[in-house]
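Secondary and tertiary structure notes
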Amino acid sequence: MPEFSVHVVGTGRAVPERVLTNEDLSRIVQTSDEWITTRTGIKRRHVAADHERNSDFAALACSRALADAGCPAESVDYIFVGTVTGDLIFPSTACLVQARIGAHNAAAWDLSAACSGFLFSLEQATALLRTGRGKRALVVGSELLTRLTNWQDRNTCVLFGDGAGAVLLEARPADGGGVLATFSRSDGRLADLLSAPQGGSAEPPTPAIIEARTNKIQMKGNEVFKYAVRSMGAAAQAVLSEAGVGAEQIKLFIPHQANIRIIEAIATRLGIDAERVYVNIAEYGNTSAASVPIAFDEARRAGRIGPGDHVLMAAFGGGFTWGSALLKL
Ligand SMILES: CC(C)(COP(=O)(O)OP(=O)(O)OC[C@H]1O[C@@H](n2cnc3c(N)ncnc32)[C@H](O)[C@@H]1OP(=O)(O)O)[C@@H](O)C(=O)NCCC(=O)NCCS
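Note that the structure is a prediction, hence the values are computed from the model and not measured.

Cut-offs used in this document
Residue positions are given per chain, counted from 1 along the sequence in the order it is written. For a predicted model such as this one, the threshold for reporting local features is a pLDDT of at least 70, and the threshold for listing and counting side-chain atom pairs is 80 or more; totals across whole chains, interfaces and linings nevertheless cover every residue. Derived side-chain values reflect all non-hydrogen atoms in the structure, with water molecules and hydrogen atoms excluded from consideration. Labels follow the DSSP assignment, with helices taken as runs of H or I lasting at least four residues and strands as runs of E lasting at least two, numbered in each case from the N terminus. Residue burial is assigned from relative accessible area. The probe radius is 1.4 Å, only protein chains are included, and a residue is buried under 20% of its type maximum, exposed over 50%, and partly exposed in between. Here, residues are in contact when the closest pair of their heavy atoms is within 4.5 Å. By the counting rule applied here, Lys and Arg register as positive and Asp and Glu as negative, while His and the ends of each chain are not counted. A charge is said to be at NZ when it belongs to Lys, at CZ for Arg, at CG for Asp and at CD for Glu. DSSP-based pairing: two strands are paired if at least 2 bridges between them are found. Fitting a line to C-alpha atoms yields each axis, with helices limited to the stretch in contact; the angle taken between N-to-C directions then spans 0 to 180 degrees. Note on definitions. A residue lies near a molecule or strand when any single heavy atom of the residue is within 4 Å of it. Pairs of N or O atoms within 3.5 Å make up the polar contacts considered here, provided that, within protein, one atom can donate a hydrogen while the other can accept it, and that residues adjacent in sequence are counted only when both atoms are side-chain atoms. What sets the accessible areas is the Shrake-Rupley method with a 1.4 Å probe; for residues, cover comes only from the shown protein chains. Residue classes follow a fixed rule: Ala, Val, Leu, Ile, Met, Phe, Trp, Tyr, Cys and Pro count as nonpolar, while Asp, Glu, Lys and Arg count as charged, and any other residue, Gly among them, counts as polar. Salt bridge, as used here, is a side-chain nitrogen of Lys or Arg placed within 4 Å of a carboxyl oxygen of Asp or Glu.

1. Considering the overall build of the protein chain
- Looking only at helices and strands, the protein chain features 11 helices and 13 strands.
- Overall size of the protein chain, expressed as C-alpha extent along the three principal axes, is 55 × 45 × 35 Å.
- Relative to its 329 residues, the protein chain shows a buried fraction of 56%.
- Considering only intrachain contacts with a sequence separation of at least 6, the fraction spanning at least 24 residues in the protein chain is 78%.
- Within the protein chain, one finds 32 positive and 34 negative side-chain charges whose respective centroids are separated by 2 Å.

Quick look at the structure:
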């Protein structure tokens, strides 16, 4: 057993107030509430106003997690922000959040793993804290994916929303609880299935790129769908096996909220009945790295999970990346 167990001691979330409904979208592209609802499960998504920044929501989610735990910001040793839509190319959004919340004793950095950014960050933070190298870490998933959305492409623009979620982790003398197992994996051969193909340093934005919107999200939805079911299912299975925990012991499964049909297919594969699967996709759509920590905070504050419960999380995203975590709260 490692010297330290890594526990979640606080959670928080923040989403924009502005809401875009399926009806609103049907006035922008050729789509309908019926199509979006039956194919994805999404009804609404929260969209940042022009003046709002990724770091606004990330910082608010962090402040709420700290308040939830009753811990001062100065006691935080690390801040990880999983994001692909940071405020700036650099410095990192994590550094901007650090300044905003006053966590002046922390090291702060961003992690780019698309929708898996929160779970990849959770794995890194857990590994650090387990060694005793630091006591507390804020792990954040925060995205303004609507800034990367092509609002003329009905294949993608109906799917995404904005928001942030955060957890505060704390290292405690080993007690057999906390984060029991984590798993992260990537396959860069699948990069083209889901990407913003231009507008980075390889091909910086030009008027032609902006006109063609090739700096925005492009996706082969069908292929992503199949891969998502396989990879998230396998990731979830990997942490259950590593920890020796059966699916029947899981109090709540919190999957990445990309598509209700993907979620249902994975839950069936794992043998977890619908009552033990957390779903909030109707309200937020796919918020990328923020989806798992937003759902985790909602579930925790609603009393769906509490001390001693086993919680399973899984995500997948562009890269491809996929990961999972098993916690005993
Ligand atoms: C995108 C997704 C919802 C599409 O659902 P689907 O059942 O696979 O639908 P298809 O892509 O086969 O498209 C079926 C038809 O609906 C049309 N369609 C696509 N988007 C539409 C929309 N918003 N409204 C109406 N029709 C739409 C397509 O053009 C296609 O029409 P065609 O048959 O005339 O060509 C689904 O593939 C998906 O969720 N994939 C995973 C995406 C994902 O999770 N990405 C994020 C990863 S983190």
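2. Considerations on the sheet that holds strand 4 (residues 78–82)
- The 5 strands lie next to each other as 1-7-6-4-5, forming an open sheet whose pairing is mixed. In this open sheet, the two strands that pair with only one neighbour each are strand 1 (4–14) and strand 5 (107–111). Each strand of the sheet is rotated relative to its neighbour by a mean of 20°, with strand direction disregarded.
- Of the strand pairs in this sheet, strand 4 and strand 6 (residues 136–144) are connected by 5 bridges, and their pairing is parallel.

3. A word on the site of the ligand
- If you check the shell around the ligand, you find 23 residues, and the closest are Thr31, Arg39, Arg154, Asn222 and Asn259.
- For the ligand, a nitrogen atom lies 3.4 Å from a polar atom in the side chain of Trp35.
- Arg261 is positioned such that a nitrogen or oxygen atom in its side chain is 3.2 Å from an oxygen atom of the ligand.
- Here the ligand loses 75% of its free accessible area of 960 Å² to cover by the protein chains.
- Among the elements of the structure, helix 2 (33–40), helix 6 (154–157), helix 8 (221–243), helix 9 (260–270) and strand 12 (310–317) are those that each provide at least two residues to the shell around the ligand.
- In terms of residues, the shell around the ligand owes the most to one element, helix 8, which gives 4 residues.
- Of the residues belonging to the shell around the ligand, the class tally is 10 nonpolar, 10 polar and 3 charged.

4. A closer look at the pattern of salt bridges
- Under the counting rule described, the total for this entry stands at 12 salt bridges.
- Beyond isolated ion pairs, a larger network of salt bridges with shared partners links Arg13, Asp297 and Arg301.

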